[in-house]
Amino acid sequence: MLVHKVCQALGLFNLYQRCVISSAAALVFVAGCATPATEQQDKQNSESVGNTPPNILLILSDDHAWNDYGFMGHPIVQTPALDQLASESVTFKHGYVPTSLCRPSLATIATGLYAHQHGITGNDPSRTLPGGKSGLEYQRQRAEIIKKIDALDTLPELLKQQGYLSLQTGKWWEGSFQRGGFDEGMTRGFPEKGGRHGDDGLKIGREGIVKITDFMDRAKAVNQPFFVWYAPYMPHTPHNPPERLLQKYRSNALPISIAKYYAMIEWFDETNQQLLTHLKKTGLKDNTLIVYVSDNGWVSNPTQTGRFLPRSKQSPGESGVRTPIMFSLPNQFVPQMRDEFVSSIDIVPTILATADIEVPKHLPGLNLFTAMQQQTPIAREAIFGEGFAHDMHDINEPESTLLYRWVIDGKWKLILSYDGKNVSYQKYHDGVLAGPRLYNLLEDEHETNNLADQYPHIVDQLGEKLSQWYPIKNRKILPH
């Protein structure tokens, strides 16, 4: 480990790995004189399961509606790989992300903190700054927002306690992969060209997954657990799926925009099949924790390709914040479909506990490991969420752009809207920024019947829970 740390600090980690891999290969060759290679490999695989921390593969789909999966009952979209993963996982069909916007949602998954805690509440600085998006102040604030990650303990940094090697691929907003604490990665990050949210990392999935499978093989060769952040730009726009998949969905007489989106989902699913196949082929699957979640929802505009409808992405509605969440670890978890409400805020503490790392006490999420391992109920009273404008007005004051907060307690969901500053994407909030909305999710999962006027005492009770979660000082709730 000392050699590893020194080489990593000098930027020689890949060279170190190649040296160790070569040495390991030589040892296997010598051992092969006494023991058949296949028997020796089987013995190593058997001993590694349960005796070493599990490998971790975190799969994050991008702009993917909660019900657009085969296992969630969609009549058209085909997701055989994710369906299979769901059948092998502890699958929560009522999972949520606290914030339905790419960057803050991913920052929550990387840190285990709510957006108002990690401070990355929007995707970009305000476009109304002097000079606009090309102005010096806009660029300065972009750098300041990225600096927030430097003061936070990220998941790859916390996993180093157990010797994890980590790889970043796909979406990553917070500068280079090194800023996030990853050992290796694809994203160069701002201020590099194209460094807004992924640059080179956005090639993963669309141009294959060899970067990931090679990394897994190298980590296995040096007998160290790995953590992979797989956040492909899929099914996110541009919706440009392979023609073979597009034609498949066009045969359903769908609008072209929806056919392209559905084909993108299946293309994304194919990449997951490649990863699952590699884990099985290399004997890693039984001791690999696979976590799946989407960063936020999406409902395609039937008249415009690559555009979404209100009440999906950026909204506090189910089509914005709901997502299935899966945890697969064959040597620890018995597969289950569970109806409890969970949140992506639970992912970091659960991963840490699974890796036998003490969960920091300041993390607000729940450690779900024991409940999944022992198949026991999850002790939770409520889950919470918040929504902010796309552009950050005051980058050091989260309340400045607060638009929504919501809470789910039992069957009830309350959404409150606020008067935060919003200078972009206003049309997606028209009719969504409204008075209190109360829904019975057990009877109305598509939120068609606002019951706030019928049950004012429930509105008051849940509103108090939001205040206890964290009090608002400067924003006002929008009235009926």
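Everything here concerns the structure above.
Predicted model only: the values in this text are computed from it and were never measured. (Residues numbered from 1 in each chain as written. Predicted model: local features only at pLDDT ≥ 70, side-chain atom pairs only at ≥ 80, totals over all residues. Heavy atoms only, no water.)

### Description of the packing of helix α10 (residues 243–250) against helix α11 (residues 256–281)
Two elements in contact, α10 and α11, have axes separated by 8 Å at closest approach and are oriented at 130°. Taken together, the axis directions place α10 and α11 in an arrangement best described as oblique. When you trace α10 past α11, the crossing you get is right-handed. Here R244, L245, L246, K248, Y249 and R250 of α10 come into contact with α11, specifically with I256, A259, K260, Y262, A263, E266, W267 and E270. Of the residues belonging to the contact of α10 with α11, the class tally is 8 nonpolar, no polar and 6 charged. (Axes fitted to C-alpha atoms, helices over the stretch in contact; angles between N-to-C directions. Helix = DSSP H or I, 4+ residues; strand = E, 2+ residues; numbered from the N terminus. Parallel < 35°, antiparallel > 145°, perpendicular 65-115°, else oblique. Left-handed = near helix turned anticlockwise from the far one by under 90°. Contact = heavy atoms within 4.5 Å. Nonpolar A, V, L, I, M, F, W, Y, C, P; charged D, E, K, R; others polar.)

### Description of the side chain of H197
One can find H197 in the loop between β5 (184–185) and α9 (210–221). At 3.2 Å, the side chain of H197 forms a polar contact with the side chain of Y233. With residues up to four places along the chain from it excluded, the contact list for H197 reads K171, W172, W173, L202 and Y233. (Polar contact = N/O pair within 3.5 Å; in protein donor to acceptor, adjacent residues only side chain to side chain.)

### Considerations on the environment of D295
Considering the arrangement of structural elements, one finds D295 in the loop between β7 (288–294) and α12 (318–321). Judged by its relative accessible area of 1%, D295 is buried. Between the alpha carbons of D295 and R322 there is a distance of 9.4 Å; along the sequence they are 27 residues apart. Apart from the residues lying within four places of it in its own chain, the contact partners of D295 are S61, D62, D63, V97, T99, C102, S105, L106 and K171. A distance of 3.0 Å separates a polar atom in the side chain of D295 from the backbone nitrogen of D63. (Buried < 20%, exposed > 50% of the residue type's maximum accessible area, 1.4 Å probe, protein only.)

### Notes on the environment of P330
Structurally, P330 can be placed in the loop between β8 (322–328) and β9 (336–343). On the basis of relative accessibility, which here comes to 34%, the residue P330 falls in the partly exposed class. Sequence separation between P330 and N287 is 43 residues; the distance between their C-alpha atoms is 6.9 Å. Each residue touching P330, except ones within four places of it in the same chain, is listed here: K285, D286 and T288.

### Topic: unusual backbone geometry
Excluding glycine, residues mostly carry a negative phi; peptide bonds, for their part, are mostly trans. The peptide bond linking M234 to P235 adopts the cis configuration, its omega dihedral lying at 0°. With respect to the helices and strands, the residue P235 is situated in the loop between β6 (226–231) and α10. The step from T237 to P238 runs through a cis peptide bond, and the omega angle for that step is 5°. Mapped onto the elements, P238 comes out in the loop between β6 and α10.

### Some details on the packing of aromatic side chains
Aromatic ring pairs are reported here in terms of the distance separating the ring centres and the angle at which the planes meet. Applying the stated rule across the entire model yields 22 aromatic pairs. Ring geometry for F92 versus F327: centroids 6.3 Å apart, planes at 85°, classification edge-to-face. With F92 in strand β2 (residues 90–96) and F327 in strand β8, this residue pair connects regions lying 235 residues apart in the sequence. Between Y425 and Y428, the ring centres sit 5.8 Å apart and the planes meet at 40°, which makes this aromatic pair tilted. A relative accessible area of 33% means that Y425 is categorised as partly exposed. Seen from the ring of Y470, R405 lies directly overhead, with NZ or CZ sitting 4.8 Å from the centre. (Phe/Tyr/Trp six-rings, centres within 6.5 Å; stacked < 30°, edge-to-face > 60°. Lys NZ or Arg CZ within 6 Å of the ring centre and 35° of its normal.)

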